[in-house]
Amino acid sequence: MAFTLRSVKVPPNSASLEEARGRVFDFFRKACRSIPTIMDIYNLDDIVTKSELRSIIASEIRKNTHVTNPKVIDLLLFKGMEELNNIVEHAKQRHHIIGQYVLGRQGLAQDTKDEGTSDFLKNFYKSNYF
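Since the model is a prediction, treat every value here as computed from it, not as a measurement. (Residues numbered from 1 in each chain as written. Predicted model: local features only at pLDDT ≥ 70, side-chain atom pairs only at ≥ 80, totals over all residues. Heavy atoms only, no water.)

(A) The arrangement of the side chain of lysine 92 in detail. Summarising the element assignment, lysine 92 is placed in the loop between helix H4 (70-88) and helix H5 (94-102). One polar contact links lysine 92 to glutamine 100, side chain to side chain, over a distance of 2.8 Å. Apart from the residues within four sequence positions on either side, lysine 92 is in contact with Tyr42, Glu83, Asn86, Ile87, Ile97 and Gln100. (Helix = DSSP H or I, 4+ residues; strand = E, 2+ residues; numbered from the N terminus. Polar contact = N/O pair within 3.5 Å; in protein donor to acceptor, adjacent residues only side chain to side chain. Contact = heavy atoms within 4.5 Å.)

Here is the structure:
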């Protein structure tokens, strides 16, 4: 069940922007069809819904809407397929999926404010390139 996407390959070059756009939609469909498998593998039912994962996938794709070069789009599709294959083949652990996609890139970072630190420590951190 986890190895269903192994035979899927991204063709080397898109001839036009329309062809690359079609491949992006195909990738989105494949990613959305693999959501139930991902939910089962990583036991994400208690954290996120399928529709939330679908919108996360869509937002990741929308980050690159400014790209108009078909070769760059093909490269991004290849990277996306590799990421999807790694996730479906369970090459990542649950906390990787939660940290990268459910909480977001900045979701795990703690707010590090300088409240409560002494002037000595502030000067020490500045002088030692921290």
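(B) Molecular detail of the packing of helix H2 (residues 35-42) against H4. Across the interface, H2 lies against H4 with an axial gap of 9 Å and an inter-helix angle of 45°. Between H2 and H4, the interaxial angle falls into the category oblique. Contact with H2, carried on its side by Ile38, Ile41 and Tyr42, involves Leu84, Asn86, Ile87 and Val88 of H4 and no other residues of that element. Of the residues that constitute the contact of H2 with H4, the class distribution is six nonpolar, one polar and no charged. (Axes fitted to C-alpha atoms, helices over the stretch in contact; angles between N-to-C directions. Parallel < 35°, antiparallel > 145°, perpendicular 65-115°, else oblique. Nonpolar A, V, L, I, M, F, W, Y, C, P; charged D, E, K, R; others polar.)

(C) Summary view of the pattern of salt bridges. Here the structure, examined in full by the defined rule, presents six salt bridges. Across the salt bridge formed by aspartate 46 and arginine 94, the nearest N and O atoms sit 3.2 Å from each other. One end of the pair, aspartate 46, is in the loop between H2 and helix H3 (50-62); the other, arginine 94, is in helix H5, with 48 residues separating them in the sequence. (Salt bridge = Lys/Arg side-chain N within 4 Å of Asp/Glu carboxyl O.)

Read these as geometric descriptors, not functional statements.
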